[in-house]
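Architecture and fold: a report
Take a look at the letters that make up each chain.
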Amino acid sequence: MATADARRQVRENPIAVTVVLTVVGYALVLGTFLLDVPIYPDLTEAQVNLFTHAIAVINTATTVLLVLGWYWIRRDEVDKHRLAMMGAFALILLFLVVYLIRVGGGGEKYIAGVSDPVRYAYLAMLAIHILLSIVAVPVVLYALVLGLTHTPAELRQTAHARVGRIAAAAWILSLVLGVVTYVLLNHVYQYEFQPMVVFGL
């Protein structure tokens with residue numbers, strides 16, 4: 001009964017649920033960057049690299065699932081689309097855990113030993129990746145909330161398809177740029193490693 005009631009509340013208030021989930025997600029990330037939260041292990045540079053590689057694998061797999069989900073919905077294969085999108089979201093939750101551990105317990109890597117044009121191109125891609133990942137959160141969550149609380153027939157009467165296209169496009173572009181900057185930083189050029197600096201409030 002309680003589960004059914006909670007599902008009904010989520011179904012009837014998708015925007016409110018999206019706002020709450022978005023705020024929680026942003027708070028987790030910002031809290032990790034700005035506060036000395038003693039829940040993360042201290043990581044060595046080698047461990048930071050391992051987490052970085054894991055993040056790249058997760059993001060690549062997520063991109064594949066998103067592209068497949070987009071392909072399947074265009075072919076009206078709704079069940080495959082739903083599984084792909086739920087799988088992509090599960091991977092993003094895994095990414096969030098791995099990312100927070102890496103940032104909270106490690107440090108940052110900065111591209112080094114490159115010409116100005118390369119540095120500017122890298123920073124531009126990184127900035128777009130970060131901006132899109134921030135902007136995509138509420139859009140992705142809204143599409144997901146609608147998708148999980150409505151039947152396929154009901155979804156046709158909602159903004160799910162329109163919002164989903166925006167969410168998938170932003171998400172895919174953000175992920176691709178994230179993987180490209182990962183490759184440049186970790187496999188093409190050199191980097192400098194700096195331990196995590198925590199700002200006290």
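Procedures and definitions
Residues numbered from 1 in each chain as written. Predicted model: local features only at pLDDT ≥ 70, side-chain atom pairs only at ≥ 80, totals over all residues. Heavy atoms only, no water. Helix = DSSP H or I, 4+ residues; strand = E, 2+ residues; numbered from the N terminus. Buried < 20%, exposed > 50% of the residue type's maximum accessible area, 1.4 Å probe, protein only. Polar contact = N/O pair within 3.5 Å; in protein donor to acceptor, adjacent residues only side chain to side chain. Contact = heavy atoms within 4.5 Å. UniProt positions renumbered as here; feature names shortened; annotations may be inferred. Salt bridge = Lys/Arg side-chain N within 4 Å of Asp/Glu carboxyl O. Core = buried A, V, L, I, M, F, W, Y, C linked by side-chain atoms within 4.5 Å. Patch = residues over 30% accessible without salt bridge, like charges linked within 9 Å, V, L, I, M, F, W, Y side chains within 5 Å. Areas by Shrake-Rupley, 256 points an atom, 1.4 Å probe, with all protein chains shown as cover.

Right, let's get into the overall build of the protein chain. Check the secondary structure of the protein chain and you find seven helices and two strands. Its helices and strands taken in sequence order, the protein chain reads α-α-α-α-β-α-α-α-β from the N to the C terminus. Counting only C-alpha atoms and orienting by the principal axes, one finds that the protein chain spans roughly 55 × 40 × 25 Å. In the protein chain, buried positions account for 36% of the 201 residues.

Now for the side chain of Thr-52. Inspection of the secondary structure puts Thr-52 in helix H3 (residues 45–74). Residue classification places Thr-52 among the buried residues on the basis of a relative accessible area of 11%. Of note is the side chain of Thr-52, whose polar atom sits 2.7 Å from the backbone oxygen of Val-48. In this structure Thr-52 touches Arg-102, Lys-109, Tyr-182 and Asn-186, once residues within four positions along its chain are discounted.

Turning our attention to the UniProt feature "transmembrane region" (unreviewed entry) in the protein chain. Here, UniProt's "transmembrane region" (unreviewed entry) annotation points to residues 15–35, 50–71, 83–101, 121–145 and 166–185. Within the segment residues 83–101, helix and strand shares are 100% and 0% respectively, and the terminal C-alpha atoms sit 27 Å apart. Between the first and last C-alpha atoms of residues 166–185 the distance is 28 Å; the span itself is 100% helix and 0% strand.

Turning to the pattern of salt bridges, a few remarks are in order. On inspection of all chains with the given rule, the structure shows six salt bridges. Across the salt bridge formed by Glu-12 and Arg-8, the nearest N and O atoms sit 3.3 Å from each other. Placement of the pair is Glu-12 and Arg-8 together in helix H1 (residues 2–12), with a separation of four residues, close to one helical turn. Classification of Glu-12 by relative accessible area gives partly exposed; the value is 49%. In this structure, Glu-77 engages Lys-80 in a salt bridge whose closest nitrogen and oxygen atoms are separated by 3.0 Å. According to the relative accessible area criterion, Lys-80 is partly exposed, its value standing at 41%.

Mapping Asp-79 onto the fold places it in helix H4 (residues 78–105). With a relative accessible area of 62%, Asp-79 lands in the exposed category. Each C-alpha atom, one on Asp-79 and one on Pro-152, is 9.1 Å from the other, the two residues being 73 residues apart in sequence.

A few words on the nonpolar core. Ranked by internal contacts, the top residues of the largest apolar core, which has 20 residues, are Leu-66, Phe-95, Tyr-99 and Trp-171. By residue number, the principal contributor to this core is H4, which donates eight residues. Each residue touching Phe-95, except ones within four places of it in the same chain, is listed here: Ile-55, Ile-58 and Asn-59. Grouped together as the second largest cluster of nonpolar side chains are six residues, Ala-143, Leu-146, Leu-155 and Ala-159 included.

On to a nonpolar patch on the surface, then. Among the surface-exposed residues, Ile-130, Leu-131, Ile-134 and Val-135 lie close enough to one another that they form a single nonpolar patch of about 350 Å² accessible area. Tracing the backbone through its elements, the reader meets Val-135 in helix H5 (residues 116–149).

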